[in-house]
Amino acid sequence: MNPTENSKKSAGYAAAGYVQSGMVVGLGTGSTVKYALEMIAKRIKNEGLDILGIPTSEATAGLAMKLGIPLSTLDEHPVLDMAIDGADEVDPGFNLIKGGGGAHTREKIVATASKRFIVVVDKGKVVGKLGDFGIPIEVLPFGAGLVKRKIEGLGGTVKQRNNTSDNGNMLMDARMEIRNPAELEDLLNSIPGVIENGIFAHRRPEVVIVGDGAGVVVIEREDGK
Ligand code: 5RP
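Residues numbered from 1 in each chain as written. Predicted model: local features only at pLDDT ≥ 70, side-chain atom pairs only at ≥ 80, totals over all residues. Heavy atoms only, no water.

### Some thoughts on the site of the ligand
Working step 1: Taken together, the neighbourhood of the ligand is formed by 17 residues, with Ser-31, Thr-32, Asp-88, Gly-99 and Lys-125 sitting nearest.
Working step 2: A distance of 3.4 Å is found between an oxygen atom of the ligand and a backbone nitrogen or oxygen belonging to Gly-86.
Working step 3: The contact in question runs from an oxygen atom of the ligand to an N or O atom on the backbone of Ala-103, over 3.0 Å.
Working step 4: Out of a free accessible area of 380 Å², the ligand has 91% covered by protein chains.
Working step 5: Of the residues in the shell around the ligand, the class split is two nonpolar, 10 polar and five charged. (Near = heavy atom within 4 Å. Polar contact = N/O pair within 3.5 Å; in protein donor to acceptor, adjacent residues only side chain to side chain. Areas by Shrake-Rupley, 256 points an atom, 1.4 Å probe, with all protein chains shown as cover. Nonpolar A, V, L, I, M, F, W, Y, C, P; charged D, E, K, R; others polar.)

Put into structure tokens, the structure is as follows:
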């Protein structure tokens, strides 16, 4: 296993250790969270861990079902004990870029509905300033032209992805300087046609688990509950 994969695995496995019986747990999307799901499934089998998962994507729902993790819905459980998810970038203020997999709308809903938000990343995702990855944006196809023009008007560039989101919408990646993540998160979401963007500045994680080779570094937000 290459070093990055090892880091993802150790971060994902460590996050699974935070899960306790009786919890409703948001299950994020991506190649790091996959390892958290693997370990949660092992704990269900070996320890009788009793949880319900709320998946943030069709891919995660499929994987969880394959692994034997019982699932529920946000309608049945509007408040979650915790969400575990990956990220594309994490800055020193715990602001995130998410949506590399195009699942950021459901991920932001689930994280916001959760009492505790735990993010798992390999150390390559830890950055001094957000922006190099770009900003994933889910867009209603009807408004695509307007959204593109408005972002260009803000000094950004926009590239449309070939695939759509699980919600059937268009996915775009914007490139622009992120001076103030919370302000830009709000500004992008104020453009009619934008369903959600991948800046997580209002719902930041309480805990970030960084995989570094075979070990992890756990960083807790001081003002986090
Ligand atoms: C999907 C996401 C993922 O959590 C993010 O892209 C990180 O994925 P990976 O762990 O595969 O690098 O936001 O929408």
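Read on for the rest.
### Here's the deal with the sheet that holds strand β1 (residues 24–27)
Working step 1: The six strands lie next to each other as β2-β1-β3-β6-β12-β13, forming an open sheet whose pairing is mixed. This sheet does not close on itself; its edge strands, each paired only once, are β2 (52–55) and β13 (215–220). Neighbouring strand axes in the sheet, compared pairwise and without regard to direction, differ in orientation by 20 degrees on average.
Working step 2: Helix α2 (residues 33–47) contacts β1, β3 (80–85) and β6 (114–122) of the sheet and is inclined by roughly 130 degrees relative to β3. (Pairing = 2+ DSSP bridges. Helix = DSSP H or I, 4+ residues; strand = E, 2+ residues; numbered from the N terminus. Axes fitted to C-alpha atoms, helices over the stretch in contact; angles between N-to-C directions. Contact = heavy atoms within 4.5 Å.)

### Overview of a nonpolar patch on the surface
Working step 1: A cluster of nonpolar side chains, contributed by Leu-140, Phe-142 and Ile-195, occupies part of the molecular surface with about 340 Å² of accessible area.
Working step 2: Along the polypeptide, Phe-142 turns up in the loop between β7 (135–139) and α5 (144–153). (Patch = residues over 30% accessible without salt bridge, like charges linked within 9 Å, V, L, I, M, F, W, Y side chains within 5 Å. Salt bridge = Lys/Arg side-chain N within 4 Å of Asp/Glu carboxyl O.)

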